[in-house]
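What follows is each chain in one-letter form.
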Amino acid sequence: MALARPTDPRIAAGVIALAAITLLIGGAFLGLLFEGAHDLSGAWAAFDPYLLRVVRFTLWQAALSTLLSVVPALLVARALSRHPRFFGRGFILQLFALPLALPAIVAALGILALYGRAGYFAGLSSAVGGQDWPGIYGLSGILVAHVFFNLPLATRLFLEALQTIPSDQWRLASQLGMGARPAFRLIEWPALRAALPGIAGLVFMLCVTSFTIVLTLGGGPAATTLEVGIYQALRFDFDPARAVTLTFLQIALTFVVVLVLTRLGANVAGDANLPVAPRRYPQVNGAEASLNAALIVGALLFVAGPMAATVTAGLSADIGRLAGEAAVRQATLTSAAFALLSALLSVMLSLALTMARGALALNRRSGPKTLLEHATDTGAGFVLVVPPIVIGAGWFLLLRHAGDVFAIAPLMVVTVNAVMAMPFALRAVRPAYDAASARHERLCAQLGISGLARWRLIDWPSMRRPLATAFAFAMALSLGDLGVIALFGSDSVQTLPYLLLARMGSYRTQDAAGLALLLGLVCLALVLAADRLGKGTARDV
Amino acid sequence: MRTFLYSLVSAAVVALSGPALAKDKLTVYTYESFTADWGPGPVVKKEFEAECGCDVEFVSVADGVALLNRVRLEGASTKADIVLGLDTNLTADAKATGLFAPHGPVSDAAVPGGWTDDTFVPFDYGYFAVVYDTEKLKSPPKSLKDLVEGSADDKIVIQDPRTSTPGLGLLLWVKSVYGDKAPEAWAKLKTKVLTVTPGWSEAYGLFTKGEAPMVLSYTTSPAYHMVAENTERYQAASFEEGEYLQIEVAGITTTGAKNPLAAKFMAFMTGPKFQDAIPETNWMFPAGKTDKPLNPAFDRLVKPTKTLLFSPEEVAANRKAWVDEWLAVMSK
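Computed from a predicted structure; not experimentally measured. (Residues numbered from 1 in each chain as written. Chains lettered and ligands numbered in written order. Predicted model: local features only at pLDDT ≥ 70, side-chain atom pairs only at ≥ 80, totals over all residues. Heavy atoms only, no water.)

Enquirer: Please explain the overall build of chain B as it appears in this structure.
Expert: Counting its regular elements, chain B contains 16 helices and twelve strands. On C-alpha atoms alone, chain B measures out to a radius of gyration of 21 Å, which is about the 20 Å that the 2.2 N^0.38 rule sets for 332 residues. With respect to the principal axes defined by its C-alpha atoms, chain B has extents near 65 × 40 × 40 Å. Considering chain B as a whole, with its 332 residues, one finds that 60% of them fall into the buried category. Here the analysis covers contacts within chain B between residues at least 6 apart in sequence; of these, 77% occur between residues at least 24 apart. Of the roughly 12,800 Å² of accessible surface on chain B, a fraction of 55% belongs to carbon and sulfur atoms. Once the 33 positive and 42 negative side-chain charges of chain B are each reduced to a mean point, those two points are 2 Å apart. (Helix = DSSP H or I, 4+ residues; strand = E, 2+ residues; numbered from the N terminus. Rg over C-alpha atoms; globule rule 2.2 N^0.38 Å. Buried < 20%, exposed > 50% of the residue type's maximum accessible area, 1.4 Å probe, protein only. Contact = heavy atoms within 4.5 Å. Areas by Shrake-Rupley, 256 points an atom, 1.4 Å probe, with all protein chains shown as cover. Lys, Arg positive; Asp, Glu negative; His and termini not counted. Charge placed at Lys NZ, Arg CZ, Asp CG, Glu CD.)

Enquirer: Explanation requested: helix α5 (residues 64-74) of chain B in the structure shown.
Expert: All names here are of chain B. For α5, the tally of buried residues reaches eleven of eleven residues, placing the bulk of the element in the interior. Of the residues making up α5, those classed as buried are G64, V65, A66, L67, L68, N69, R70, V71, R72, L73 and E74. N-capping of α5 is provided by D63, with a side-chain oxygen placed 3.3 Å from the backbone N of V65. Once α5 finishes, G75 follows within two positions and takes phi at roughly 65°, a positive value. (Polar contact = N/O pair within 3.5 Å; in protein donor to acceptor, adjacent residues only side chain to side chain.)

Enquirer: Sorry, what's going on with the packing of aromatic side chains here?
Expert: For any pair of aromatic rings, the description consists of the separation of the ring centres together with the inter-plane angle of the planes. Enumeration according to the criterion identifies 36 aromatic pairs over all chains in this entry. Their ring planes at 10° and their centres at 5.5 Å tell us that A:Y115 and A:F121 sit as a pair that is stacked. Classification of A:F121 as partly exposed rests on a relative accessible area of 29%. With centroids separated by 6.2 Å and ring planes inclined at 85°, the aromatic side chains of B:Y31 and B:F34 adopt a geometry described as edge-to-face. As far as burial versus exposure is concerned, B:Y31 and B:F34 are alike and both buried. Among the aromatic residues, those joined into a cluster by ring pairs are A:Y507, B:Y125, B:Y127, B:W200, B:Y204, B:F207, B:Y224, B:Y234, B:W283, B:F285 and B:F298. (Phe/Tyr/Trp six-rings, centres within 6.5 Å; stacked < 30°, edge-to-face > 60°.)

Enquirer: Would you explain the side chain of A:T212 in this entry?
Expert: Checked against the element boundaries, A:T212 lands in helix α10 (residues 212-218). Residue contacts for A:T212: discarding those within four places in its chain leaves A:A104, A:I105, B:P198 and B:E202.

Enquirer: Where do I start with the confidence of the model for chain A in this structure?
Expert: Parts of the model with low pLDDT should not have their predicted coordinates read in detail. Here chain A averages 85 in pLDDT, and 92% of its residues register 70 or above. In this model, residues 537-541 of chain A is a region of pLDDT below 50 whose contacts with residues beyond four sequence positions or in other chains number 13 contacts. (pLDDT = per-residue confidence, 0-100.)

Enquirer: What am I meant to see in a nonpolar patch on the surface here?
Expert: Taken together, the side chains of A:F255, A:V256, A:L259 and A:V260 present a nonpolar region at the surface, about 390 Å² in accessible area. Positionally, A:V260 belongs in helix α12 (residues 240-264). (Patch = residues over 30% accessible without salt bridge, like charges linked within 9 Å, V, L, I, M, F, W, Y side chains within 5 Å. Salt bridge = Lys/Arg side-chain N within 4 Å of Asp/Glu carboxyl O.)

Enquirer: Where do I start with unusual backbone geometry in this structure?
Expert: Residue and element names in this part refer to chain A. One non-glycine residue with positive phi stands out, namely F238, at about 40°. Relative to the assigned elements, F238 resides in the loop between α11 (226-234) and α12. The backbone phi angle of Y507 is positive, close to 70°, even though this residue is not glycine. Considering the arrangement of structural elements, one finds Y507 in the loop between α21 (496-504) and α22 (509-534).

Enquirer: What's the story with the confidence of the model for chain B in this structure? I'm lost.
Expert: Of the residues in chain B, 93% reach a pLDDT of 70 or more, and the chain-wide mean stands at 89. We note a pTM of 0.88 for the whole complex and an ipTM of 0.84 for its interfaces.

Written out as C-alpha cells, the structure reads:
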C-alpha cells in the first residue's frame, strides 16, 4: 500500500515552496551576473593567497563555535526535558528565543559589559588579583558571542526533538527499571542524533556567515570571514562578479561540511503505534537532578548575563521620551508587522517543505533519496549562507528596469527575512512532523482522511507546539534583521534595529541602548504570544 | 505601516497625474544621519521648500558608500535629482559611473585647500582625529608618530578600511604621513589596536563603554559631547603632522539635470540658510557662508596645523593596493 500518492498535495506544496525559494535566490544571482558579466576580472582576482587564510579562519571559527554551542546545548536540552517542572522552565525557554533578535553589535556590547576590558569581570579581576583584564578580543571573543547566540537556539531545537519521544517508551523504560544511562543511550540519544546534523549544520551556517561579531570582537583583520569579503566586494568595490564568486565558494564549503555532518546523524524509524500511555516523565535520582540543575542554571547565567547588561544599559536611557517619539512608534509597528508577516510566511514555507519531504520519503520507502527529497531536506537550508546583501543587490539590479524599486522594498524585506528564517523553522517543525506522520499515516490512509480534514483533525493538534516554536524563532530573527533593511530601508520604511543603528551612528548611544531594550521587549511579547498559541491542547504528542 | 501605505498611494497618484505635478518635486538621496529628526535634513527641507515653493523628498541610506551604491544599483533610471553625502574618496568612482552631470553656477565653496570641480560641490568638511578619554589617558599622543610608537598599553579602536569611511580615512592619513614606510608604521601601530570594527558606530560604542581610551573619529566629536551632553571628558588629540581632511559633497544626477530645481538647490546649499544648520546638526564644519556665528564650543576644537588630503584620482587609483598593503601587515 503506497501511503502517499505521487500526486499528494503535500508534495505539490513542497515543490511550490522550493520554486519560490529558488526564484528568490536565482533571481538575485541572475541580476548580479547580468551586471557583472562584462567585467569578470574581479572574480578571478578573488583567488589570492589572502583568500586561503580567510577560508581557513572562517571554517575554523565556525567549527569551534558549532562544537561549543551544540554539545552543551545537547546536555542542557536533555536536562530540561527530564525536569518538566523545573522552576521557571517556561520563562527560560522564552528567554532563549531572544538572542536571535538582538543586532550583533548590541549583543557584542552586552557581552563586553561582562567580559570586556571595562566589564564586570575586569573590575573583579583587578579587585581580587590587582591585574589588568585583557578583555576577550580575538578568537575567544568570537566564540563567546557565537555560543551566546547559538546555545539557546540549539537547546530549544534539541528539546523539540526530545519531545517527540513517545510516552510509551518512557513507560517501558520505567517498567524495566531503566537507569539514566541506558535511558539516554536507548531512548534519548537516537532522537537527539536524528536531529544533530540538522541543528549542527544550522549553527555552522550561522557562524560561517558571521560578520559584525567577527570583526568587532576579533581584534583585527586576521579574524575575517568570507562574508566580509562579499560585503567588501559589493560595497567599496562594487564588483558583482567577485561577490557572486565568493558567495558560491561559501556555499560550496558549507556544503562539504554539512555533508560530513550528515554522517553523524541517523534516520530513526518512526514509531508507527499510537501512544496509549499518558504523558509521563522519567524518574530522576538526586545526584542527576543536581547535575541537571547546575547545567540549566549555568546555561541560563551565560545567556542571561549579557541580556541583563543590555537591560541595565537600556534603563539608563530616557525610555519615556523614546516611547513618545513618532519615529520610534512607527518603527516599532513596522518591525512588528514585518516580523509577523515574515514568520508566517517562513512557517508556511518550512511546513510545506517538511510535508513534502515526509511524503516523498513514504513514496520511496527504500532506495536512494531523489534529488527533490534532498532539496526539501537539507538543500533548502543553504539559503542561510547567501548573504542578504547579495539577494538585495541582485534583485535591485534585476528590477530597476521594471519600475519602482522602493515600492517593492517592504515585500523584499518580508520575503528575504522569511526565507532566511525558514531553515530555523524547518528544524523546529520537522522532528514533530516526522514523528506524527509515522504514527498517523496508516490511520489516515485507512480512514481516508486527507487534505484539510487531516490537517485539522490529525496534524494540527500535534504540530501546534513545534509550529509555535518555529514561529517564535522566525519572528525573533526577522525582528533583529539588519541585512535586508540596510539596503532597502528608506524614510518610509524604518525598523527598530535600523533606527537603533542610526542613533548609534550619530553619538546617541543612550538612545540606542534604550531602543535595544525596547526591541528585546517587543520580541519577548511576540514570543510569549506565540507560546500561548502553541499551548492549545493538553493532548499528547 | 500607515505612512508606508500612504506613500504607496501618493507615489501612485504622482505617477498617474503625470509630469505636471512631479515637476515641482526635488528628490534628494542622502545618508541616514542627515535626514534624522536631529540632523540637518528637516531644517534644510523647510528652508528650501519656502524658497522654491516646491516639494523636497529625502531618501536616505546608511552612509556615503551605500549612497553611491544605491545610485549605481538604480542606474540611469534613478529617481534622485541630487545625491548629497559622498566624500572626496568616492567622487572619482562616482564620476566614472557617468550618472552625474555638471553642477552649474554656485558660490565659492569654503573648504581648506580650495575647491574646483565641475561635478561635485562641497557642503561641509571635517578632520579625522584620534579622540581620547581624558579620564583614562592623561598624556595623549602629540603626533601620529607618538601614537604609532607609544606604549602598547594605551589601546585604540579603529575601523576597517574595507568597510568604513573613517577606516579608509586613517589608512590615507598614515599613508600621507609615512608614504612608502606606511607598512612599517602599521606594524607598530598594530600592537596598540584593540580591535578593528566594521564601522564608526561600533568603534565609538566600544570607546564610550570604556573598552579603550582612544578611538578614531573626528575633531568635531568633542563638540557634540560639549554642546549636547555638557561634558569635556572626550577630547581630540592634536597631531603635529596635521589631520586628514574629509570633504562631503553633493552632485546633480543625469535625472536631476532635467529638473531646474536641482541647480537651484545646489546654489542654496552653499548659502547661509543651509550652512547655518550644518555645525550643530551634522557636527561638521560649514563649507560656505553662515549667518550665525559658530557655537563657541567649535572654537575650542583642535585646529589642524596642516591639512592632509589625497586627490580623488589618487585615491581611486591606489585604494585597492593600499588596502591590500594594510591587510598584509594587519592580518599577520
